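Chain residues, written in single-letter form:
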Amino acid sequence: MSLIDRDIANTIVDPAAYAHWDRSHAAFSHLRKTAPLAVAEPDGFDPFWVVTRHADIKSVELRNTEFHNEDRAAFLTNKAEDNLIKEMTGGYPHIARTLVNMDDPDHAKYRKLTQKWFMPKTLAAIQARIEKLAQETAERMFDAGDACDFAAEIGHHYPLKTIMSVLGVPGSEEARMLKLTQEFFGATDDEYGREADLAANLDAGARAQALQEAMQDIFAMFAPLVEQRRAEPKEDLITLLTHAMIDDAPIGDLERMSYFAIVATAGHDTTAATISSTIWALAERPDLLRRVQDDPSLLRPLIDEATRWETPVKHFMRTATVDTEIDGTPIAAGDWLMLAYPSANRDEAVFEDPFTFDLNRPPSKHLAYGFGPHVCLGQHLARMEMKALWEALLPRLKTLELEGTPTRAAANFVSGPKSVPIRFTLH
């Protein structure tokens with residue numbers, strides 16, 4: 001068993017390394033070359049395998065009976081956090097029970113509840129609504145002047161409006177939902193987190209308390225909406241999940257509220273990260289902006305490459321259920337594994353010159369949406385949202401440049417740009 005250097009191990013769990021992603025990418029690049037499947041023992045954490053290669057991550061994702069989501073924490077959790085979460089939940093290692101941390105047979109049953117809603121055929125029915133929202137978003141940006149913080153003013157809000165519309169959440173809750181999402185995914189960020197010093201005190205278990213409080217507030221936001229839909233059903237996801245049945249019985253309150261939470265938070269925050277990263281990339285590469293403007297067929301490659309480039313979900317954790325192996329390396333039952341998606345999406349064995357933003361790559365090789373049974377349920381909606389926004393916005397831009405230094409959230413699970421100041425002129 002190969003053991004990762006302690007400094008590298010501490011880097012890949014450090015939220016600040018994802019805010020300054022040259023650090024996290026350098027660490028993963030080093031591991032791919034020297035120890036592509038090895039054990040990390042960061043300070044304060046139980047040991048875990050770090051899976052850095054594209055092929056190995058795909059292998060683990062496909063073997064969902066050998067590698068579980070629910071047995072241990074599904075995202076990086078240090079010992080103090082893990083103990084506090086289990087104290088809060090009576091021994092359960094998760095603060096919610098979502099598709100992310102379910103295993104079969106429950107995962108397949110709960111995924112099936114909403115799967116049709118997120119397939120292209122069903123999404124076609126709301127395409128006009130999404131395109132209208134995209135056009136309104138672009139016009140609001142243009143009307144505000146010739147400069148804005150794209151991430152804060154556009155990127156974070158457009159996907160949120162879309163997912164709230166799909167769910168059936170009133171627009172008046174938008175600011176509350178955005179704040180709760182940022183508190184949940186950005187608990188370790190000095191600006192987003194409820195506790196300003198969390199980034200410096202990961203071992204204190206304060207992050208677990210903050211995550212629990214944010215999740216409970218999300219549950220509280222949806223509780224009255226569920227009661228409304230019991231009395232007055234509508235054509236939205238809140239109604240569907242309010243009345244959902246599995247094995248001829250209503251789904252539990254924890255599962256229902258957890259479902260709302262994951263759709264509402266991950267359903268917009270990941271897309272927001274990719275959208276903001278895209279405009280950042282185009283502002284730094286005016287030649288790419290011109291290419292996409294001249295050839296609209298490049299929109300799909302732009303979306304795919306930006307999704308690979310950003311990879312908003314930085315990792316998921318898996319737990320081995322049996323003694324097994326990955327590419328010949330023995331893995332013991334009970335071992336904990338980190339699937340490092342940014343590393344997979346910079347794997348030189350799959351992506352030529354991976355640190356170049358390249359519109360000529362073969363499509364759909366990236367793993368930003370995961371792979372296998374747990375592949376992202378909302379990936380088709382995300383692509384539709386991004387295509388609609390870029391169709392509304394990019395043709396109007398005459399010039400585009402950065403107006404300052406963009407910043408990223410300090411979070412090691414789900415994160416992306418939190419500020420992308422730009423200046424632009426219009427045709």
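Coordinates for the structure precede this section.
Just so it is clear, the model here is predicted, and its values are computed rather than measured.

(A) Highlighting empty space enclosed by the protein. If you walk through the whole model with that rule in mind, you get 5 cavities of 30 Å³ or more. The volume enclosed by the largest cavity comes to roughly 700 Å³. Contributing to the lining of the largest cavity are 38 residues, with Val-100, Ala-266, Cys-376, Leu-377 and Gly-378 lying nearest its centre. Listing elements by their share of the lining of the largest cavity, those giving two or more residues are helix H6 (106-115), helix H14 (253-284), strand E7 (315-320) and helix H18 (379-393). Counting residues per element, the lining of the largest cavity draws most heavily on H14, which supplies 8 residues. Reported here for the second largest cavity is a volume of approximately 220 Å³. Around the second largest cavity, the lining comprises 19 residues; the ones closest to its centre are Phe-75, Ile-95, Thr-98, Asn-101 and Phe-184. Listing elements by their share of the lining of the second largest cavity, those giving two or more residues are helix H11 (174-185) and H14.

(B) Inspection of the sheet that holds strand E14 (residues 421-426) at higher detail. Spatially, 3 strands are ordered E4-E14-E11 in an open sheet, and the strand pairing comes out antiparallel. Looking at the sheet topology across the chains shown, the edges are occupied by strand E4 (147-149) and strand E11 (397-402). Between one strand axis and the next, the sheet turns through 25° on average, direction left out of account. Across 3 bridges, the pairing between E4 and E14 is antiparallel. Residue pairing across strands places Ala-147 opposite Arg-423, the latter belonging to E14. Here helix H8 (residues 127-143) sits on the sheet in contact with E4, E11 and E14, set at roughly 90° to E14. With respect to the sheet, H14 is in contact with E11 and E14, its orientation differing from that of E11 by roughly 95°.

Basis of the calculations
Per chain, residue numbering runs from 1 following the sequence as it is written. Totals for whole chains, interfaces and linings use every residue, but because this is a predicted model, local features are given only for residues with pLDDT of at least 70 and side-chain atom pairs only at 80 or more, for both listing and counting. Heavy atoms from the whole structure form the basis of all side-chain values; hydrogens and water molecules are not counted. Cavities and pockets are found on a 1 Å grid laid over the protein atoms alone: a cavity is a set of points where a 1.4 Å probe fits but cannot escape, a pocket is an open set with protein on both sides within 12 Å along at least five of seven lines, and a lining residue has an atom within 4 Å of such a point. Grid points are joined across faces, edges and corners, and a volume is the space filled by probe spheres set on the points. Note on conventions: DSSP H or I runs of at least 4 residues are helices, E runs of at least 2 residues are strands, and numbering of each starts at the N terminus. By this definition, two strands are paired if DSSP reports at least two bridges between them. In this analysis an axis means a line fitted to C-alpha atoms, helices contributing only their contacting stretch, and an angle means the value between N-to-C directions, from 0 to 180 degrees. Working rule for contacts: check all heavy atoms of both residues, and any pair within 4.5 Å makes them a contact.

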